[in-house]
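Topology and contacts: notes
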Amino acid sequence: MSQIFSNLQRFRLLLKSCISERDLSKGKALQTLYVKSFIPPSTYISNHFIILYSKCGLLSEAHKMFDEITQPNVFSYNTILSAYAKESQTHIARQIFDQIPQPDLVSYNTLISAYSSCGNIESALNMFSKMRELNADMDGFTLSAMIAACSNVTDHIKQIHSLIVYSGFDSYVSVNNALITNYSNNGFLSDAERVFNVMGEIKDEVSWNSMIVAYGQHKEGYKALKLFQEMVHEGWNVDMFTWASVLTAFTSLEDLRGGLQFHAQLIKHGLERNSHVGSGLIDLYSKCGGVLDAEKVFQEVLEPDLVLWNTMISGYSQNVKFSEESLECFRKMQWIGLYPDDCSFVCVISACSNLSSPSQGKQMHSLAIKSEFPKNRISVNNALVAMYSKCGNLDDGSKLFERMAERNSVSFNSMIAGYAQHGLGIKALVLFHQMLESENAPTSITFISVLSACVHTGKVEEGWNYFKLMDEKFGIKPVAEHYSCMIDLLGRAGKLDEAQRLVETMPFDPGSIGWAALLGACRTHGNVELGVKVADQLLKLEPSNAAAYVMLANMYASAGRWDEVAMVRKLMRDRGVRKKPGCSWIEVKKEIHIFFAGDSSHPRTKEIYEFLEEMSRKMKVAGYLPDVRWALVRDDAKEGEKEMRLGHHSEKLAIGFGLISTPDGLPLLVVKNLRICGDCHNAIKFISAIVGREITVRDAHRFHCFKEGRCSCGDYW
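First, a word on what this report is: a plain description of the structure on this page. Small disclaimer: the values here were computed from a predicted structure and weren't measured.

Before going further, it helps to spend a moment on helix H38 (residues 678–691). Over its 14 residues, H38 runs 20 Å from end to end, which matches the ideal 20 Å to within 8%, given 1.5 Å per residue. Looking at H38, one finds that the buried residues are Gly678, Asp679, Cys680, His681, Ala683, Ile684, Lys685, Ile687 and Ser688.

As a packed pair, helix H25 (residues 409–421) and helix H26 (residues 425–437) sit with axes 7 Å apart at the nearest point and diverge in direction by 165°. On the basis of their axis angle, the class for H25 and H26 is roughly antiparallel. Classified by chirality, the crossing of H26 by H25 is left-handed. Facing H25, whose interface residues are Ser409, Phe412, Asn413, Met415, Ile416, Tyr419 and Ala420, H26 presents Gly425, Lys427, Ala428, Leu431, Phe432, Gln434 and Met435. Among the residues making up the contact of H25 with H26, the classes are represented as 9 nonpolar, 4 polar and 1 charged.

If you trace the 6 strands from one edge of the open sheet to the other, you get S2-S1-S3-S4-S5-S6, paired in mixed fashion. Pairing within the sheet leaves two strands with one partner each, and these edge strands are strand S2 (591–596) and strand S6 (710–711). Sheet analysis places strand S1 (residues 583–588) next to strand S3 (residues 668–672), joined by 3 bridges and oriented antiparallel. Pairing of Trp585 across the sheet is with Val671, part of S3. Of the strands in this sheet, strand S4 (695–698), strand S5 (703–707) and S6 are in contact with H38, which crosses S5 at around 35°.

In this section: the environment of Pro340. Residue placement: Pro340 occurs in the loop between helix H20 (323–335) and helix H21 (342–355). By relative accessible area, which is 14% here, Pro340 ends up buried. Measuring from C-alpha to C-alpha, the distance between Pro340 and Ala368 comes to 8.7 Å, with 28 residues separating the pair along the chain.

What follows concerns the nonpolar core. Counting residues in each nonpolar core, the largest one holds 180 residues, and the members touching the most others are Phe49, Met211 and Ile349. Sequence-distant contacts of Met211, defined by excluding residues within four places in its chain, comprise Ile180, Leu189, Ala192, Glu193, Phe196 and Leu227. With 28 residues, the next largest nonpolar core counts Phe595, Phe657, Ile687 and Cys711 among its residues.

Turning to the side chain of Asp139, a few remarks are in order. The residue Asp139 is located in the loop between helix H8 (121–133) and helix H9 (140–149) in this model. The buried charged residue Asp139 lacks any salt bridge partner; its closest oppositely charged side chain belongs to Arg132, at an N-O distance of 11 Å. Among the polar contacts listed, one links the side chain of Asp139 to the side chain of Thr142, at a separation of 2.9 Å. When residues no more than four places from it in sequence are discounted, the contact partners of Asp139 are Leu105, Asn109 and Phe169.

Further remarks concern the packing of aromatic side chains. Taken as a whole and assessed by the stated rule, the structure comprises 19 aromatic pairs. Pairing Phe196 with Trp208 gives two aromatic rings, centres 5.4 Å apart and planes at 85°, and the pair type is edge-to-face. Here Trp208 lies in helix H13 (residues 205–217) and Phe196 lies in helix H12 (residues 189–198), a separation of 12 residues in the sequence. Take Phe196 and Trp208: they sit in the same class, and that class is buried. Through a chain of ring-to-ring contacts, three or more aromatic side chains come together here, namely Phe228, Trp243, Phe250 and Phe262. It is Lys158 that lies over the ring of Phe188; its NZ or CZ is 5.7 Å from the centre. When the ring centre of Phe401 is taken as reference, the NZ or CZ atom of Arg407 above it lies at 4.2 Å.

Despite not being glycine, Lys219 has its phi angle at roughly 55°, a positive value. Here Lys219 is to be found in the loop between H13 and helix H14 (221–233). A positive phi angle, near 50°, is found at Ser356, a position not held by glycine. Mapped onto the secondary structure, Ser356 falls in the loop between H21 and helix H22 (358–370). For Ser356, a relative accessible area of 4% puts it in the buried group.

The α-helix advances 3.6 residues per turn, and as a result positions three or four apart in sequence lie on the same side. Taking 1.5 Å of rise per residue, 15 residues should cover 21 Å, and helix H31 (residues 511–525) covers 22 Å from first to last C-alpha, within 8% of that figure. For H31, the full list of buried residues reads Gly511, Gly514, Trp515, Ala517, Leu518, Leu519, Ala521 and Cys522. On its buried face, H31 is in contact with helix H29 (480–492), helix H30 (496–504), helix H32 (528–541) and helix H33 (546–558). Directly after H31, the chain includes Gly526, whose backbone phi takes a positive value near 65°.

Bringing the pairing of S5 into the picture now. Among the 5 residues in S5, 4 count as buried, and that is most of the element. The pairing of S4 with S5 spans 4 bridges and is classified as antiparallel. What sits directly across from Ile695, in S5, is Phe706. Where S5 and S6 come together, 2 bridges link them in antiparallel fashion. Pairing of Lys707 across the sheet is with Arg710, part of S6. What sits between S5 and S6 in their antiparallel hairpin is a turn of 2 residues, with Glu708 showing a positive phi close to 55°.

As for its placement among the helices and strands, His365 is situated in helix H22. Non-local contacts of His365, meaning those with residues more than four positions away in its chain, are made with Leu384, Tyr388 and Leu400.

What follows deals with the pattern of salt bridges. Per the counting criterion, the structure on display carries 21 salt bridges. A salt bridge links Arg194 to Asp191; its shortest N-O distance comes to 2.7 Å. Here the residue Arg194 and the residue Asp191 both occupy positions in helix H12, the gap between them amounting to 3 residues, near one helical turn. Among the residues examined, Asp191 registers a relative accessible area of 11% and is labelled buried.

Definitions and cut-offs
Residues numbered from 1 in each chain as written. Predicted model: local features only at pLDDT ≥ 70, side-chain atom pairs only at ≥ 80, totals over all residues. Heavy atoms only, no water. Helix = DSSP H or I, 4+ residues; strand = E, 2+ residues; numbered from the N terminus. Expected span 1.5 Å × (residues − 1). Buried < 20%, exposed > 50% of the residue type's maximum accessible area, 1.4 Å probe, protein only. Axes fitted to C-alpha atoms, helices over the stretch in contact; angles between N-to-C directions. Parallel < 35°, antiparallel > 145°, perpendicular 65-115°, else oblique. Left-handed = near helix turned anticlockwise from the far one by under 90°. Contact = heavy atoms within 4.5 Å. Nonpolar A, V, L, I, M, F, W, Y, C, P; charged D, E, K, R; others polar. Pairing = 2+ DSSP bridges. Core = buried A, V, L, I, M, F, W, Y, C linked by side-chain atoms within 4.5 Å. Lys, Arg positive; Asp, Glu negative; His and termini not counted. Salt bridge = Lys/Arg side-chain N within 4 Å of Asp/Glu carboxyl O. Polar contact = N/O pair within 3.5 Å; in protein donor to acceptor, adjacent residues only side chain to side chain. Phe/Tyr/Trp six-rings, centres within 6.5 Å; stacked < 30°, edge-to-face > 60°. Lys NZ or Arg CZ within 6 Å of the ring centre and 35° of its normal.

Purely geometric stuff here, so don't read any function into it on its own.
Structure, rendered in structure tokens:
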């Protein structure tokens, strides 16, 4: 008997070792021994095999082991329940939960946490309510899971907070830490500060780190650094999570110099190759424009994990010109055997949006569907909705939005923005009112999209109403972007005096965003005198911003004031300011083709130019007259030069190539890095009618969908 007991103890130790090391091969060998040897059937041992297989990602094996237990106890149920919960397979987890004869606290916590992790707030709340009705005990884990579940619903989190105080759980550090994170993520920094301050001596390192991150998230970098200094002064342990938290402070300040100095401190502590700290450094460099430095950090990390790969993919996607590198990084991550998670897909789908590559976007959508995480993951679906909209495929974006089992504020924001960018202002506003009727509260970003919808449809009165509604009903203070929308709205409607008055009466410095919006309106309506004053203000703020010089020069050119045009161009040369060249690109057969004005570098240039010449003849027969004001050449230019320049604008070249390279009837999507010119806008309407094609142009401001001789913007752009 003693020999059997000794062997049993050794068997248990070996099994626990396999679990801790995730050693599947040894674990399977132990199971074979368990089945064939003297060891009597044991619920305890079976439970641990369930744990082993679930930690190794073999849910089917774990469930098979569970089914073989003759008399499962609550721990058995909780073990398999936890396995499915961790894989976010909540429907199976719920089925197992309902089979438990008498669920205990662990059972409830596991299922609530599972619902919370996948964003299913309604189910989490229902389970929590059922738990309360049965007078079941709750603990810090229960409340922390509920706080996480209510991450986007302010009213619920306030109620949970009240319950925490009433039940005496406000002394639990883990619960308070969860509250700090939740309040910060939802924009309530003062509430996060209040929780942190009342914690007194129960704070732990996580509390300090959470508050430092909260300040960083809200661009209160100086407060974050001061809190870090206070933490060190009080003798708290500073670990890699603390260092990474401090990096968020430098990132929020966009303080590359301070970040470099802090990086040197990390090297002194031997932490530069730590994956967690490396993620913070990559994020810092990426957001401060140092993508190449971010690459160096990535290459120096000894054992890059999934989080580090995701941060690098995100770093590339945040810098538009590195979007191709984002896709390549994603593929390398897969090649080394790491499985992408929802964060991976969100980042790489964003890169597809930057590239306006429908084929790449659809490929990522297919990969997401085939992946192991739940197909209804909200964050991925939100990214896909935004991607389809930005790639000109609004129908697919709308269909995906309608199919989503669950939506949050980001879901509505993505779809509202899509409608607004495509000129469907009415649909955008209707969806906004549907959002108000749901449990999803509008955010600051929501109102940017709503005001943009008003901008592109000329709804001045409605725009003012929504602008006032922000603060009066939802307590959202307008920021520069909201004022910019209102200035743009008034300016496009020709109300330049009102737009100027709004700029001058803003409660804070209008900055470059406000003045740029007003300058754009001056250019649209040809108000050179006001435009000169506005440009002067803008150039004082950003003397190296080429856009202001270009708009001013174009206004002078449109008015025929060529001496002033020359003066502006000389000023640019003297200050070393270079104009960003206008270009357009189109994807054909999964390959991107880029064109510049007057481009002759494309292999099919001769065919493109011949096609456009023939198209120009057909357009003139149909009534098209070139608007030579957009040629921006002196009035004494050679005869035909203005019209020739217009005919070779980059968007026309891209469309010409698309039409000769794709089958009849296939829609085209062209992207331009600047605003589409007035003549091209008019010409593409004629082209769409002549060739019977739908042609979408995404410029720097919005989408123009040309079909049967009309544009979705209604010529209000």
